[in-house]
Amino acid sequence: MRIVLVGPPGAGKGTQAAFLAKNLSIPHISTGDLFRANISQQTELGKLAKSYMDAGNLVPDEVTIGMAKDRMEKPDAENGFLLDGFPRNVSQAEALDEMLQSESMKLDAVLDLEVPEEEVVKRIAGRRICRKDSSHVFHVTYSRPKKEGVCDACGGELYQRDDDSEETVRKRLEVYHTQTEPIIDYYKAQGLVVTISALGKVEEVTARAMEALQSDEDGK
Ligand SMILES: Nc1ncnc2c1ncn2[C@@H]1O[C@H](COP(=O)(O)OP(=O)(O)O)[C@@H](O)[C@H]1O
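Parameters at a glance
- Residues numbered from 1 in each chain as written.
- Predicted model: local features only at pLDDT ≥ 70, side-chain atom pairs only at ≥ 80, totals over all residues.
- Heavy atoms only, no water.
- UniProt positions renumbered as here; feature names shortened; annotations may be inferred.
- Core = buried A, V, L, I, M, F, W, Y, C linked by side-chain atoms within 4.5 Å.
- Buried < 20%, exposed > 50% of the residue type's maximum accessible area, 1.4 Å probe, protein only.
- Helix = DSSP H or I, 4+ residues; strand = E, 2+ residues; numbered from the N terminus.
- Pairing = 2+ DSSP bridges.
- Axes fitted to C-alpha atoms, helices over the stretch in contact; angles between N-to-C directions.
- Contact = heavy atoms within 4.5 Å.
- Phe/Tyr/Trp six-rings, centres within 6.5 Å; stacked < 30°, edge-to-face > 60°.

Under the annotation held in an unreviewed UniProt entry, the protein chain carries the name Adenylate kinase and is attributed to Streptomyces ferrugineus. The record held by UniProt for the protein chain lists under Pathway (unreviewed entry) the comment "Purine metabolism; AMP biosynthesis via salvage pathway; AMP from ADP: step 1/1." Looking at the protein chain in UniProt, the text filed under Subcellular location (unreviewed entry) is "Cytoplasm".

So, in structure tokens, the structure goes:
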């Protein structure tokens, strides 16, 4: 299966993607994680991306599309993938379509995670992420980790992302509305969009997503 996950920052895309990719036996490809790996390895690409990310802006398409394409061409992605954070604007969506068409492939579904705006700001400002596994996310506001700064799941160090300050979150939301949301209509025109609510427990959202993807497949 080839799936694209969309939704505002803080919708839980990364968390859901990790579970869904496991359930569906396809690789989870997150452009945000690819950028963060480049930042921690201090590559040229990482240095360039960081300035955009810290300001809450999109990294330029020239850089992003090439990086996403390289990752999708890896052997593990031959039979499918779950894209998280890509495409993030209409020109990236067009580039993805062109890339898939040239290989006679197509997307199976675009899963849209819906969450109210107030919830997003609350979730992100209080979130801490594990350095060992970025799908281990904790919210100091409600699921406080048992020991401050330590991941309950694996013992890794928890940190706050540089772009998770309230000011940057507001900018990321604005960028989401103006640049990313239009891809939902772009994909609706292709009949690919499946929308679910991202509220509730992590496992409830995963179950909702699996069910929606399944009935979408059955309906095709
Ligand atoms: N496809 C993309 N195009 C441009 N920039 C991207 C893309 N994916 C990630 N980024 C950059 O990385 C940042 C973090 O993305 P991500 O980890 O997906 O977090 P979130 O979905 O919570 O905003 C974005 O704000 C943006 O600067």
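Caption draft 1: Up close: the nonpolar core. Core analysis: the biggest nonpolar cluster contains 24 residues, and Leu20, Leu82, Leu111, Leu113 and Ile196 have the highest contact counts within it. Going through the elements one at a time, strand S1 (2–6), helix H1 (13–24), strand S4 (109–114), helix H6 (117–125), helix H7 (166–180), strand S8 (193–197) and helix H9 (202–218) are the ones with two or more residues in this core. Counting residues per element, this core draws most heavily on H9, which supplies four residues. By size, the runner-up hydrophobic cluster in this structure holds 20 residues, among which are Ala68, Leu96, Leu100 and Tyr187.

Caption draft 2: Fine view of the sheet that holds strand S3 (residues 81–84). Strand order across the open sheet formed by five strands is S2-S3-S1-S4-S8, with parallel pairing between neighbours. Each of the sheet's edge strands pairs with one partner strand only, and the pair in question is strand S2 (28–30) and S8. When strand polarity is set aside, the average angle formed by the axes of neighbouring strands in this sheet is 25°. Relative to S8, S4 runs parallel, the two being bridged by five bridges. Paired with Leu113 across the strands is Ile196, a residue of S8.

Caption draft 3: Structural view of the sheet that holds strand S7 (residues 158–159). Pairing within the open sheet is antiparallel, and its three strands lie in the order S6-S5-S7. Of all strands in the sheet, those bounded by a partner on one side alone are strand S6 (137–139) and S7. Here three bridges tie strand S5 (residues 127–130) to S6, and the two strands are oriented antiparallel to one another. Opposite Arg128, over in S6, you have Phe138 as the bridge partner.

Caption draft 4: A look at the UniProt feature "binding site: AMP" (unreviewed entry) in the protein chain. Under the UniProt annotation, the feature "binding site: AMP" (unreviewed entry) is placed at Thr31, Arg36, Asn57, Leu58, Val59, Gly85, Phe86, Pro87, Arg88, Gln92, Arg161 and Arg172. Spanning 142 residues, the named residues are also spread out in space, since their farthest C-alpha pair is 24.5 Å apart. If you trace the backbone, Leu58 turns up in the loop between helix H3 (44–54) and helix H4 (61–72). Residue Leu58 is classed as buried on the basis of its relative accessible area, which comes to 17%. Each residue touching Leu58, except ones within four places of it in the same chain, is listed here: Tyr52, Arg88, Asn89, Val175 and Gln179. As for its position among the elements, Arg161 is in the loop between S7 and H7. By relative accessible area, which is 14% here, Arg161 ends up buried. In this view, Arg161 contacts Arg36, Arg127, Ile129 and Arg172; residues no more than four positions away in its chain are not counted.

Caption draft 5: Expanded view of the packing of aromatic side chains. In this structure the tally under the stated criterion is one aromatic pair. Arranged with centres 5.2 Å apart and planes meeting at 80°, the rings of Tyr186 and Tyr187 form a pair that is edge-to-face. Tyr187 gets classed as buried once you look at its relative accessible area, which sits at 0%.

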